[in-house]
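Coordinate inspection notes
Residue-level listing of the chains:
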Amino acid sequence: MRLYDKPECPFCWKIRLALFEQGLTVEHIDSLAPETRETWQSLTPRKTVPVLVNGDIVIYESNVILEYLNDLSETLLPEDPTQRVTARLINSYSDGVIGAGLREVIFEKRGNAEADRDHKRIEQGIAQFETALDYLSGQLGGKTFFADSYSLPECALTARFGLAEAYGVEIPDRFSNLRSWFERMKSRPSYRATAPQHLLS
């Protein structure tokens, strides 16, 4: 398998986490390298990564990649149908709601000097992120994982929270269960093995 990848992309990072947790071997190809751009862009009509290639199979949407990886090993989704729905919904919530606020912060901070940043945009992004945590905290409750085992939400939210932390966005103290959950995720070997290396220094 080959994964056309970008280190800081949360959609790519969650695929790296899934692959590592499953013990699957994959060749990581840097999509930012000029010599790879024409190749991977020819594989996807969306012109974005991640793109996973396995033989003749080409998958260019991160959640479809996750479903495919689960089909290979049956380890990324619980057996119980209700728990599978929960895992899928929280994965979608991570992409569409958690990611929306963080994107405002990261896009404003990335590449902009402190003096040039739109601080109102950053504050609004942080507020949106924190508001979105209410639902997640309720879904997690006192459980170890969002479903009954490590599954799609762990892949998606570990990547989101990892980027949030790197860009100075913290999980507020009032969400103690989410803070504890994230510390558990960071302690797993998959975190250091898949995180963008410049975020670990």
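Scroll up to find the structure.
Structure report, in brief. One numbering rule holds for all chains: residues counted from 1, following each sequence as written. Under the rules for a predicted model, residues below a pLDDT of 70 receive no local features and side-chain atom pairs below 80 are neither given nor counted, while totals for whole chains, interfaces and linings still include all residues. Values shown for side chains rest on all heavy atoms present in the structure; no hydrogens or waters enter the calculation.

Regarding its fold elements, the protein presents 9 helices and 4 strands. For this measure, only C-alpha atoms enter the radius of gyration; the expected value for a globule follows 2.2 Å times N^0.38, where N is the number of residues. A compact globule built from 201 residues should have a C-alpha radius of gyration of about 17 Å, and the protein, at 17 Å, falls within 12% of that. The principal-axis extents of the C-alpha atoms in the protein amount to approximately 45 × 45 × 30 Å. Only protein chains enter the accessibility calculation, which uses a 1.4 Å probe; a residue whose area is less than 20% of its type maximum is buried, one above 50% is exposed, and one in between is partly exposed. The buried share of the protein, taken over its 201 residues, is 47%. Contacts between residues were defined by any pair of non-hydrogen atoms, one from each residue, lying within 4.5 Å. Of all intrachain contacts in the protein linking residues separated by at least 6 positions in sequence, the fraction that spans at least 24 positions is 68%. Only the protein chains shown count as cover for residues, with accessible areas throughout obtained via the Shrake-Rupley method and a probe of 1.4 Å. Summed over all atoms, the accessible surface of the protein reaches about 9,900 Å², with 50% contributed by carbon and sulfur. In this charge count, Lys and Arg are treated as positive and Asp and Glu as negative; neither His nor the chain ends contribute. Charge positions are represented by NZ for Lys, CZ for Arg, CG for Asp and CD for Glu. For the protein, the centre of its 23 positive side-chain charges and the centre of its 29 negative side-chain charges are spaced 2 Å apart. Secondary structure elements are defined from DSSP: runs of H or I of at least 4 residues count as helices, runs of E of at least 2 residues count as strands, and each element is numbered from the N terminus.

Each salt bridge in this description consists of a side-chain nitrogen of Lys or Arg and a carboxyl oxygen of Asp or Glu lying within 4 Å of one another. Here the structure, examined in full by the defined rule, presents 13 salt bridges. With a shortest N-O distance of 3.0 Å, Lys 14 and Asp 95 are connected by a salt bridge. Here the residue Lys 14 occupies a position in helix H1 (residues 10-22), and Asp 95 occupies one in helix H4 (residues 81-109), the gap between them amounting to 81 residues. Each of the salt bridges in this network shares a partner with another, and the network as a whole consists of Lys 14, Asp 95 and Arg 160.

Here we come to H1. In a helix, the anticipated span is given by 1.5 Å times the number of residues less one. Between the first and last C-alpha of H1 there are 18 Å, a value that for 13 residues agrees with the 18 Å anticipated at 1.5 Å per step. Burial analysis of H1 places 10 of its 13 residues in the buried class, the great majority of the element. Listing the buried residues of H1 in full gives Pro 10, Cys 12, Trp 13, Lys 14, Ile 15, Arg 16, Leu 17, Ala 18, Leu 19 and Gln 22. Backbone geometry just downstream of H1 places Gly 23 in the positive-phi region, at approximately 70 degrees.

Strand order in the open sheet formed by 4 strands is S2-S1-S3-S4, with mixed pairing between adjacent strands. Of all the strands in the sheet, just strand S2 (27-30) and strand S4 (57-59) have a single pairing partner and so form its edges. Going across the sheet, the axis of each strand differs from the next one's by a mean of 20 degrees, ignoring polarity. In this structure, strand S1 (residues 2-5) lies alongside strand S3 (residues 51-54), joined through 3 bridges in antiparallel fashion. Residue pairing across strands places Leu 3 opposite Leu 52, the latter belonging to S3. Orientation is described by lines fitted to C-alpha atoms, with helices fitted over the stretch in contact, and by angles between N-to-C directions that extend from 0 to 180 degrees. Most of the contacts of H1 go to S1, to which it runs at about 150 degrees, and overall it touches S1 and S2. Any two strands are treated as partners once DSSP identifies two or more bridges connecting them.

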